[in-house]
2 protein chains.
Amino acid sequence: MEIIMKDIKYAPIGVFDSGVGGLTVAREIMRQIPDERIVYFGDTARVPYGSKSQDTIIRFSRQIVHFLRTKGVKAVVVACNTASALALETLQPELDIPIIGVVTPGAKVAAETTVNGKIGVIATESTIESQLYTKVIRSHNPRAQVFGKACPLFCPLVEEGWLKDPVTVEVANRYLEPLLATGIDTLVMGCTHYPLLRGTLHQIMGEKVTLVNPAYETARELKCLLEEEGISNDGMKPVKENMHQFYVSDAANKFRQFANSILPFGVDTTQLIHIEDY
Amino acid sequence: MEIIMKDIKYAPIGVFDSGVGGLTVAREIMRQIPDERIVYFGDTARVPYGSKSQDTIIRFSRQIVHFLRTKGVKAVVVACNTASALALETLQPELDIPIIGVVTPGAKVAAETTVNGKIGVIATESTIESQLYTKVIRSHNPRAQVFGKACPLFCPLVEEGWLKDPVTVEVANRYLEPLLATGIDTLVMGCTHYPLLRGTLHQIMGEKVTLVNPAYETARELKCLLEEEGISNDGMKPVKENMHQFYVSDAANKFRQFANSILPFGVDTTQLIHIEDY
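To start, this report covers the structure provided alongside it. Values in this document were obtained by computation on a predicted structure and should not be read as measured data.

1. Quick notes on helix α12 (residues 214–229) of chain A
Here comes step 1: Here α12 of chain A contains 16 residues, and its C-alpha end-to-end distance of 22 Å stays within 8% of the 22 Å for a straight helix at 1.5 Å per residue.
Here comes step 2: Here α12 of chain A has its buried residues at Pro214, Ala215, Glu217, Thr218, Ala219, Leu222, Leu225 and Leu226 of chain A.

2. Describing unusual backbone geometry
Residue and element names in this part refer to chain A.
Here comes step 1: Going from Val47 to Pro48, the amide bond is cis rather than trans, its omega being -5 degrees.
Here comes step 2: In this fold, Pro48 is placed in the loop between β2 (38–42) and α3 (54–70).
Here comes step 3: With phi around 65 degrees, Gln131 is a residue other than glycine that occupies positive phi space.
Here comes step 4: Relative to the assigned elements, Gln131 resides in the loop between α7 (125–130) and α8 (132–140).

3. A closer look at the sheet that holds strand β1 (residues 13–17) of chain A
All names here are of chain A.
Here comes step 1: Here we have 6 strands laid out as an open sheet, ordered β4-β3-β1-β2-β9-β10, and parallel in their pairing. Bordering the open sheet on either side are β4 (99–101) and β10 (270–272), each of which pairs with just one other strand. If you compare each strand with its neighbour and ignore which way they point, the axes differ by 20 degrees on average.
Here comes step 2: As paired elements, β1 and strand β3 (residues 75–78) share 4 bridges and run parallel to each other. Counterpart to Val15 in the pairing with β3 is Val77.
Here comes step 3: Sitting on the sheet, helix α2 (residues 23–32) touches β1, β2, β3 and β9 (245–248), and the angle it makes with β2 is about 170 degrees.

4. A look at the environment of Arg37 of chain A
All names here are of chain A.
Here comes step 1: When you line up the elements, Arg37 lands in the loop between α2 and β2.
Here comes step 2: For the pair Arg37 and Met243, spaced 206 residues apart in sequence, the C-alpha separation works out to 5.6 Å.
Here comes step 3: Dropping the residues within four chain positions of it, Arg37 is found in contact with Tyr10, Pro12, Ile13, Val239, Glu241, Asn242, Met243, His244 and Gln245.

5. Structural notes on the pairing of β1 of chain A
All names here are of chain A.
Here comes step 1: Counting buried positions along β1 gives 5 out of 5 residues, so the element sits mostly inside the fold.
Here comes step 2: Here β1 runs beside β2; their pairing, made up of 5 bridges, is parallel. Bridge pairing in β2 links Phe16 to Phe41.
Here comes step 3: Crossover handedness for the path β1 to α2 to β2: right-handed.

6. Here we look at the interface of chain A and chain B
Here comes step 1: Counting residues at the interface gives 33 residues for chain A, matched by 33 residues for chain B.
Here comes step 2: Summed over both sides, the interface between chain A and chain B buries roughly 2500 Å², with carbon and sulfur atoms accounting for 55% of that surface.
Here comes step 3: Our count for the contact surface shared by chain A and chain B stands at 4 salt bridges.
Here comes step 4: Of the charged contacts in the structure, one is a salt bridge between Asp165 of chain B and Arg174 of chain A, with a shortest N-O distance of 2.7 Å.
Here comes step 5: Where chain A packs against chain B, one counts 16 residue pairs in polar contact (both at pLDDT 80 or more).

The rules we used
Residues numbered from 1 in each chain as written. Chains lettered and ligands numbered in written order. Predicted model: local features only at pLDDT ≥ 70, side-chain atom pairs only at ≥ 80, totals over all residues. Heavy atoms only, no water. Helix = DSSP H or I, 4+ residues; strand = E, 2+ residues; numbered from the N terminus. Expected span 1.5 Å × (residues − 1). Buried < 20%, exposed > 50% of the residue type's maximum accessible area, 1.4 Å probe, protein only. Pairing = 2+ DSSP bridges. Axes fitted to C-alpha atoms, helices over the stretch in contact; angles between N-to-C directions. Contact = heavy atoms within 4.5 Å. Right-handed = clockwise from strand over helix to strand, strands pointing away. Buried area = accessible area lost by both parts, 1.4 Å probe. Salt bridge = Lys/Arg side-chain N within 4 Å of Asp/Glu carboxyl O. Polar contact = N/O pair within 3.5 Å; in protein donor to acceptor, adjacent residues only side chain to side chain.

Written as structure tokens, this is what we have:
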């Protein structure tokens, strides 16, 4: 039994996203709990998730969790806001290992951060429609007013690399205007791509609005969870293969390019799998 | 034997796209050959195709053609530029019914239209990288110079509904500037979404540049093909069920909304299927 517990301790964490965005969450996990190994899956063949239905997001997420299980993961992080909002609740009871998403940690910290009780959430259409951020924020701060705004052009703009472009500033102005008008003091960046637009978002929202990045809070929650369950990696077992493994459903070169621009080390090998077989 | 030929005549045409864009092609077929029935499939669960790899586009397209065969289609139209550019050549020899794409008809008419021999092609990244437009244009007009430009933000802008928005004009200016500088007199709208931006494109390119819409030419080529093969629908057999059928891989409401804004009749029923099972 002790041997099995030791093995679990050294098992990797499964992290998945619809594509590359979840790498911002993986990066935060690597920074906060550097002894943990990660198996990352990016669903680059079916990206994006943000405009798709709940049934489809659940089906895709279930396949991905099955795949990650074949890699012997000890826990799963849904590093995609849309999948966290639409699929996590369904998948949780199906699993015998811990699974966490990015919405709850992000919502919690927003509920704790706000002073005037007015919180904005920017995310994909499907995440906003799910109302999950609103629900979780209110469960922690019943008086909070939550203003959601879908920003479907942000992901394509980030992927085009126009992070500080005048076009992006104009689009952001357009999307954020109704949120500014509400007088929010806290804004949740509810899609993993959005922290890459932090500069532009900060410029428009001004000094008085706190930007919440759920990636940071998710890594912190994961750390606590592993400690509570007694399955934290103590870093005592030498790692023979790669510390982290990367899998994708489409061999887009973009993945590696993006990964190398985001992560503090080079990603040499990305393995292609047929995710619909899982 | 004659009975079989008669049956084939009244069989529908399969038309597919990564999502809603191919409806612009379906609309053109309905206009030019109104007696033909259409079975349309939009791969809304895996849209977009434009940034994905050839292997993935071939796998997805093969599944879709298998699905359309189960509906007894007599011919297939690949109403997606990316799938036409990346998958058509592979699928053609696998089939015993005619299959045509949108690239060859569009390229042919561009080669015939140009006076100064300078042609621009705007399309998705994958279509531009495939160089298929250049190859087909040159096979018809060996002296032609072809200038390709990927415009990845056009589809998201169309789907956001910002057809004549200042942001869209600015993005179009940015993308078209290098093409304007080359002195092209013909511009192929090499993605089915782009004809919806025709006004903006025309405004930027000016009177002297002819915009080519491959959808129009594709419907014309389909008409000729059906006549040559002797399988045109003569409209003599009463249609008992719906004239046209619509299938999607994700039940996005967007599909019906978009379809209703594009087609000259209301689309009431859109059936959801699991395309990965084909």
